[in-house]
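Examining the three-dimensional arrangement
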There are 4 protein chains.
Amino acid sequence: MIIVLQKEATEKHLQDIIDRIRRCGLEPHVIVGVARTVIGLVGDKQGLEPQVFEGLPGVEKAVPIMAPYKLASRDAKAEDTMIEVGSAVIGGSEPVYMAGPCAVESWEQILDTAHAVKEAGASILRGGAFKPRTSPYSFQGLGEKGLQYLVEAGRAAGMPTVSEVVNPSDVELVSQYVDILQVGARNMQNFALLRQVGQTRKPVLLKRGLSATVEEWLMAAEYVMAEGNYQVILCERGIRTFETATRNTLDVGAIALVRQLSHLPVVADPSHATGRSDLVVPAGCAAVAAGAQGLLVEVHPNPQRALSDGSQSLTPEQFKQMMGAVTQIAKSVNPEPARYWWNRNAV
Amino acid sequence: MIIVLQKEATEKHLQDIIDRIRRCGLEPHVIVGVARTVIGLVGDKQGLEPQVFEGLPGVEKAVPIMAPYKLASRDAKAEDTMIEVGSAVIGGSEPVYMAGPCAVESWEQILDTAHAVKEAGASILRGGAFKPRTSPYSFQGLGEKGLQYLVEAGRAAGMPTVSEVVNPSDVELVSQYVDILQVGARNMQNFALLRQVGQTRKPVLLKRGLSATVEEWLMAAEYVMAEGNYQVILCERGIRTFETATRNTLDVGAIALVRQLSHLPVVADPSHATGRSDLVVPAGCAAVAAGAQGLLVEVHPNPQRALSDGSQSLTPEQFKQMMGAVTQIAKSVNPEPARYWWNRNAV
Amino acid sequence: MIIVLQKEATEKHLQDIIDRIRRCGLEPHVIVGVARTVIGLVGDKQGLEPQVFEGLPGVEKAVPIMAPYKLASRDAKAEDTMIEVGSAVIGGSEPVYMAGPCAVESWEQILDTAHAVKEAGASILRGGAFKPRTSPYSFQGLGEKGLQYLVEAGRAAGMPTVSEVVNPSDVELVSQYVDILQVGARNMQNFALLRQVGQTRKPVLLKRGLSATVEEWLMAAEYVMAEGNYQVILCERGIRTFETATRNTLDVGAIALVRQLSHLPVVADPSHATGRSDLVVPAGCAAVAAGAQGLLVEVHPNPQRALSDGSQSLTPEQFKQMMGAVTQIAKSVNPEPARYWWNRNAV
Amino acid sequence: MIIVLQKEATEKHLQDIIDRIRRCGLEPHVIVGVARTVIGLVGDKQGLEPQVFEGLPGVEKAVPIMAPYKLASRDAKAEDTMIEVGSAVIGGSEPVYMAGPCAVESWEQILDTAHAVKEAGASILRGGAFKPRTSPYSFQGLGEKGLQYLVEAGRAAGMPTVSEVVNPSDVELVSQYVDILQVGARNMQNFALLRQVGQTRKPVLLKRGLSATVEEWLMAAEYVMAEGNYQVILCERGIRTFETATRNTLDVGAIALVRQLSHLPVVADPSHATGRSDLVVPAGCAAVAAGAQGLLVEVHPNPQRALSDGSQSLTPEQFKQMMGAVTQIAKSVNPEPARYWWNRNAV
């Protein structure tokens, strides 16, 4: 960390700050500049926050130098983490496609979708059973019955499954059914939930919060990993910005950046990122072109009858078309086994 | 709701849309315009979402006319809701001040603070026992021990208490101690938690999410109210914007707007809104000037030693100074019992 | 436009509003709903703003139905606009690549770059001569001398040129040199400048403002077109959001959306969108995958010595690598002459 | 500035960076930390940008320590700048109120308004003659005729005037009429315009851009001051955020912060900040409570007939009511001549 002193800081202030730094077990390096004095802190101190120093008299600001996440960082593990789910490898040499309806609505609906998306090239089946909805009056999902349908449909089509868990007390139940536990965007900083999924040994698909910085997103992954579960899949799903013409703004730069900062695999959800079926295909293509290692896509056999998010669901036919494009794109950006551009020293 | 058809929508599209509207139990009113045909929907249909129509062929967009919240709306209840806690009335003729440390750290710390803020004019004691922290390596609060200290300190100083609950399974425990249950910004859309606090009969202080719209905030209140708990106190605590010079951006316009849209009381948290103790006082003054019916302020007897959020905590002395200003301001903006400006037909 | 009345609106209010609508030359259609009365306005009235009605007593809000832009809209012209510059066709069947340094610094620098980017596949040479800089103390460009170097280097390498104009009074001068006039993000709503470039017959590359909505961006294009210049190239260059890990956030959804809403060609600037050379390649790939019809890329023969924006400039070698990927991607998303996904009725 | 090296930076990288630092005329101080090496730069170097170093091999990031503005900073001038306009002193011990219509529409309109706002307590008359409008089809102002009306109405009521200038070539003309030159939010980074108004000796009212950081805003002031015109009045007018329930979000924290960072006076425009007349009064009160040294308010004798921005204009009666409240608030937050809270060492 670097501490910048105020212009009017006194020698007494400086000494008090130095004392405080030493009490934290760190070594201060004072640099007297032309306009300001700054102090560099040397030592190994996990979780030390700038706020510890920012309230002290004479301090203008404290600037962290190191990222606050450890386990999620490439500093801790240089090689890409690969997560095996059924026959799919998330984080491996090829993108993995997860598809299915926003919500499981009936046995027929999920079974039809499972076969359709499998045939189009998806390898994991998604479907919501516990739905977090903005309105208490909206359809809230089928609950455990939905999980049963999902898993059976997955089995019938030969696909592992992913579904969202919203309550720490449901983690055990959901774990008994699905292969990947999804933590939704609204729960990205539901720390009780993060700890609970961290105590399972199921892979966790962690969506980025609507207004979460990349750093906060990786800190949320850190919560899961700090409990001993290292199988975290990061999922960019669009952030909230001033632009309301689309539901959210897909942050392709963050996808590319996280590939550099972290060893964890990164996938994207173009359905929530855009909120409009006619924009899902270009957004999905863009995500893969930016380095996403998979997609999570809402597909519904009859979007016009969907009980939730119909306007952003693809038909199986549209999904198949998208698969044609993204498969090509993945090859274009990754012509050799080595992924080149997130290793900035490689070019 | 208003449905706008695409320019190229056919007569067949129109008929299908009309059928769908009727199947929803609503009456369509078709208006053929120069450039577009629009359909007005008439009827009483709680929770109907634009997405139901936006996926249909021929539909360009569906525009909701009515706010989706019901119980929280002034349409449902014209008069201000007043919530009694101890001898304080939140939503009454005078603002109510809640103050205390970010986290309860020790018996001495909370007792000292309780007496100091009471003396300065606060009527409710705040203090965190279960802390949601961005980093798993930061101090996470004293848990139940913290609640005990808080409540005893409140009793010693003659003040009711407010503290945050982060896990649905903790609601019962926290309810046994404190007088107001706080739902934090990160949990504003933790629907399981909202339902759980909705099943208590304790007042709920509901913070606005970092990037929650006013509508989403009121929908979160609706979740609590839909369970039968009508005692919701809304708390504006700053939103996340592009500006990083302050921790968040206090949205004073939202305070004034919510006073119009809802009968629920609105308070503000200038500490989290700014993140810097030297900005807390002006932000607190601004909130009250905008119509806030109370403040929630972090006060620490020794901010430089605080285990969390020290840089945004006021000293008891600074808090006392702020109380002097805000008491005057409250009288300036509200010279008579009648609050005039959030009743736009009154001026 | 749709006008929504307040719950407490009286018959007198309604009549006054109807009178006002008729005085505007429009026909009111009143729909009495269960909770609110709404009025649909029918007629052809360009430029009528919701504000005209929102101040009237009894009005809750006025909701525009039609986009406010006319000439830029697909409603006005269904076919893609193609703009010929030299041998390149912007908006045609293949993306067009424009590359060069942020600022023209010397004759050698621009000549070297011109040959290098030409060889790598660029067809238009970019370079700034009048630089808008956040600080008055930063390098402000070579002015007319920079334009001379740019155009001569372009001629030497066989490439037309694009450069920014920042002052209405410079439009004539810059027009004498370059083939495309660039209007920068900070000037997107500099209406005097828009009108001035609208009076030339040079193609205009119009960057999206940092916080401009898609609608405002198209309205800026409308300013140029309203002066009679229909050759507008839209350029997405990243928007400002809460995320500061990247310089801006490339809005790929907006690229795909604008392809639907407007007939004007859309290109992207991955350099400003990310601000980091190691993210430019994935961002450029993402833009093309989302439907961008070209890229504007900063390339510098020696980025470490660049007088401006060095940290986001590619080396010629890196640019060549990017060209390899984007050429493939363009074929993947656009396998046939017909561009399919921005025509939502085509799938 | 602080330069942070990459984990994998070599000794050669370090030496090259040190060479570069020395060539810039600065002295490097190397601190070898546990996880990273950082280099502190010492010396006086105005306008040096982090980008100069961020592109170098081995550099992870460069963090500026000093604010990039000089003349606008409290470091350069500790005492508040006071600007006299007629008998008003902007930046003095009492707030200054500027009021009038969005646009000058006719002689009667501006004369009526002038008398009304003067009587209510305003001391400067505002009115637009050159209007920057989002749509080319909206009313664009009366031009020079509008300036004539404005100034004559001001003279009749005994008030100096402020009006916006949008084109560098109009600066001379507008200067001949009004007492304060306004630079609008959309032109905050129109550097040609900033330089031009910097060459006059008229006070400049500089609105904050829709998405301008506090630092960029002060850098825009720096452009004016670098030309020798030190009379800059900063005007916070709401920023663009994700929240669309209000037109913009008034950033009261920025008002308080700029009072600390700069000696220039800060005023607020609650009309554009909210966009709704029923929210203008609370927003104006909040701005003054946060430390604003004046307000710029849209007042129209008949808002319902206004040619622009009618929905956010106050009636003279509403303005008078607001003046009653803000006068009281100004006394509450500033009980003694000394303004206490923006001097953080004073409390």
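Just so you know, these numbers come straight off a predicted model, no measurement behind them. (Residues numbered from 1 in each chain as written. Chains lettered and ligands numbered in written order. Predicted model: local features only at pLDDT ≥ 70, side-chain atom pairs only at ≥ 80, totals over all residues. Heavy atoms only, no water.)

Rotating chain A by 180° about the axis while translating it 0.0 Å along that axis superimposes it on chain C, leaving an RMSD of 0.0 Å. Such a combination of rotation and displacement between the chain copies is what one expects of a two-fold axis. Every residue of chain A has its C-alpha some distance from the rotation axis, and the shortest such distance is that of A286 of chain A, at 2.0 Å. Interface residue correspondence from chain A to chain C reaches 100%, placing this contact among same-surface, isologous pairings. (Least-squares fit on C-alpha atoms with pLDDT ≥ 70 in both. Contact = heavy atoms within 4.5 Å.)

Below, the discussion takes up the interface of chain A and chain C. At the junction of the two partners, chain A supplies 41 residues and chain C supplies 41 residues. Both sides of the chain A and chain C interface together cover about 3300 Å² of buried area, and 70% of this is carbon and sulfur. Here chain A is connected to chain C by eight residue pairs in polar contact (both at pLDDT 80 or more). Breaking the side of chain A that touches chain C down by element, the ones donating at least two residues are α8 (252-261), α10 (277-289) and α11 (316-333) of chain A. For the side of chain A that touches chain C, a count of residues per class yields 23 nonpolar, eleven polar and seven charged. (Buried area = accessible area lost by both parts, 1.4 Å probe. Polar contact = N/O pair within 3.5 Å; in protein donor to acceptor, adjacent residues only side chain to side chain. Helix = DSSP H or I, 4+ residues; strand = E, 2+ residues; numbered from the N terminus. Nonpolar A, V, L, I, M, F, W, Y, C, P; charged D, E, K, R; others polar.)

With that settled, the discussion passes to the interface of chain C and chain B. Listed as interface residues are 31 residues of chain C and, on the opposing side, 31 residues of chain B. Summed over both partners, the interface of chain C with chain B buries about 2400 Å², with 63% contributed by carbon and sulfur atoms. Put simply, chain C and chain B have two salt bridges between them. Seen at the junction of chain C and chain B, the total is four residue pairs in polar contact (both at pLDDT 80 or more). Contributions of two or more residues to the side of chain C that touches chain B are made by β1 (2-5), β2 (27-32), β3 (37-42) and β4 (59-63) of chain C. Here the side of chain C that touches chain B takes four residues from β4 of chain C, the largest share from any one element. (Salt bridge = Lys/Arg side-chain N within 4 Å of Asp/Glu carboxyl O.)

Glancing now at the sheet that holds strand β4 (residues 59-63) of chain B. By definition, the strands of a sheet pair up through backbone hydrogen bonds, in either a parallel or an antiparallel sense. Residue and element names in this part refer to chain B. In spatial order, the strands read β2-β3-β1-β4; together these four strands make up an open sheet with antiparallel pairing. Strands at the two margins of the open sheet, each flanked by one partner only, are β2 (27-32) and β4. Pairwise comparison of adjacent strand axes, ignoring direction, gives a mean angle of 20° for this sheet. Two elements, β2 and strand β3 (residues 37-42), share six bridges in a ladder whose sense is antiparallel. Across the sheet, the residue bridging to E27 is V42, located in β3. Running over the sheet, helix α1 (residues 11-23) touches β1 (2-5), β2, β3 and β4 and is turned about 150° from β2. (Pairing = 2+ DSSP bridges. Axes fitted to C-alpha atoms, helices over the stretch in contact; angles between N-to-C directions.)

Take the packing of α11 of chain A against helix α11 (residues 316-333) of chain C next. Two elements in contact, α11 of chain A and α11 of chain C, have axes whose closest approach is 9 Å; the angle formed by their N-to-C orientations is 175°. For the element pair α11 of chain A / α11 of chain C, the angle class is roughly antiparallel. Contacts from A325, Q328, I329, S332 and V333 of chain A of α11 of chain A reach α11 of chain C at A325, Q328, I329, S332 and V333 of chain C. Class assignment for the residues of the contact of α11 of chain A with α11 of chain C results in six nonpolar, four polar and no charged. (Parallel < 35°, antiparallel > 145°, perpendicular 65-115°, else oblique.)

Right, let's get into the sheet that holds β4 of chain C. Residue and element names in this part refer to chain C. Pairing is antiparallel across the open sheet formed by four strands, whose spatial order is β2-β3-β1-β4. Here the strands that pair on one side only, and so sit at the sheet edges, are β2 and β4. With direction set aside, neighbouring strand axes in the sheet form an average angle of 20°. Across the face of the sheet, helix α1 (residues 11-23) comes into contact with β1, β2, β3 and β4 while running at roughly 150° to β2.

Where helix α8 (residues 252-261) of chain B contacts helix α10 (residues 277-289) of chain D, the two axes come as close as 9 Å, and the packing angle between them is 140°. Considered as vectors, α8 of chain B and α10 of chain D are oriented oblique to each other. Once α8 of chain B is placed against α10 of chain D, the crossing between them reads as right-handed. Residues V252, G253, A256, L257 and Q260 of chain B of α8 of chain B form the contact with α10 of chain D, whose own contacting residues are D278, L279, P282 and A286 of chain D. Split by residue class, the contact of α8 of chain B with α10 of chain D holds six nonpolar, two polar and one charged. (Left-handed = near helix turned anticlockwise from the far one by under 90°.)

Moving on to the nonpolar core. If you look at the biggest cluster of nonpolar residues, it comprises 159 residues, and the most contacted ones within it are L206, L234 and F319 of chain A together with L206, L234 and F319 of chain C. If we ignore the near neighbours within four places in the chain, the residues touching F319 of chain C are A99, V117, A120, A122, V297, V299 and L314 of chain C. Membership of the second largest hydrophobic core comes to 158 residues, among which are I329 of chain B together with A254, A273 and V280 of chain D. (Core = buried A, V, L, I, M, F, W, Y, C linked by side-chain atoms within 4.5 Å. Buried < 20%, exposed > 50% of the residue type's maximum accessible area, 1.4 Å probe, protein only.)

Further remarks concern the relation of the copies chain C and chain B. Expressed as a screw operation, the relation of chain C to chain B combines 0.0 Å of axial shift with a rotation of 180°, fitting to an RMSD of 0.0 Å. When you check the interface residues of chain C against chain B, 100% turn up at the interface there too, and the contact is symmetric in its surfaces.

Residues and elements named next belong to chain A. Within the element layout of this structure, R247 appears in the loop between β12 (232-236) and α8. R247 sits in the partly exposed class, given a relative accessible area of 38%. Between the C-alpha atom of R247 and that of G275, which follows or precedes it by 28 residues, the distance is 4.9 Å. Polar contacts involving the side chain of R247 include one to the side chain of Q312, which spans 2.5 Å.

Attention now moves to the pattern of salt bridges. Applying the stated criterion across every chain yields a total of 57 salt bridges over all chains. The partner of R208 of chain B in a salt bridge is E236 of chain B, with the nearest N and O atoms 2.9 Å apart. Separated by 28 residues along the polypeptide, R208 of chain B in the loop between β11 (204-207) and α7 (214-226) and E236 of chain B in strand β12 (residues 232-236) bring together distant segments of the chain. Grouping residues by exposure puts R208 of chain B and E236 of chain B together as buried. The closest approach of N and O atoms between K12 of chain C and D16 of chain C, which form a salt bridge, is 2.7 Å. Of this pair, K12 of chain C and D16 of chain C both sit in helix α1, four residues apart, roughly one helical turn.

All names here are of chain D. The terminal C-alpha atoms of helix α3 (residues 107-120), which comprises 14 residues, lie 20 Å apart, in line with the 20 Å expected from a rise of 1.5 Å per residue. Every buried residue of α3 is listed here: Q109, I110, T113, A114, A116, V117 and A120. In this fold, the buried residues of α3 make contact with β7 (96-100), β8 (124-126), α4 (144-157) and α11 (316-333). G121 occupies a position one or two residues after α3 and carries a positive phi of about 120°. (Expected span 1.5 Å × (residues − 1).)

Here the focus is the packing of aromatic side chains. All names here are of chain A. Inspection of the entire model under this criterion finds eight aromatic pairs over all chains. Considering the side-chain rings of W107 and Y149, the 6.1 Å spacing of their centres and the 50° angle between planes classify their relative orientation as tilted. With W107 in helix α3 (residues 107-120) and Y149 in helix α4 (residues 144-157), this residue pair connects regions lying 42 residues apart in the sequence. Owing to a relative accessible area of 24%, Y149 belongs among the partly exposed residues under this scheme. (Phe/Tyr/Trp six-rings, centres within 6.5 Å; stacked < 30°, edge-to-face > 60°.)

It is common to give the size of an interface as the accessible area that goes away when the parts come together. Assigned domains within chain A: domain 1 (2-63) and domain 2 (83-346). Computed over C-alpha atoms, the centres of domain 1 of chain A and domain 2 of chain A are 43 Å apart. (Domains from an automatic or database assignment.)

With that settled, consider helix α6 (residues 191-198) of chain A. Three- or four-residue spacings in an α-helix give side chains the same orientation, since the helix completes a turn every 3.6 residues. All names here are of chain A. Within α6, six of the eight residues are buried, which leaves the element mostly enclosed by the surrounding structure. Every buried residue of α6 is listed here: F191, A192, L193, L194, V197 and G198. Looking at the buried positions of α6, the neighbouring elements they touch are α5 (171-177), β10 (180-183), β11 (204-207) and α7 (214-226).

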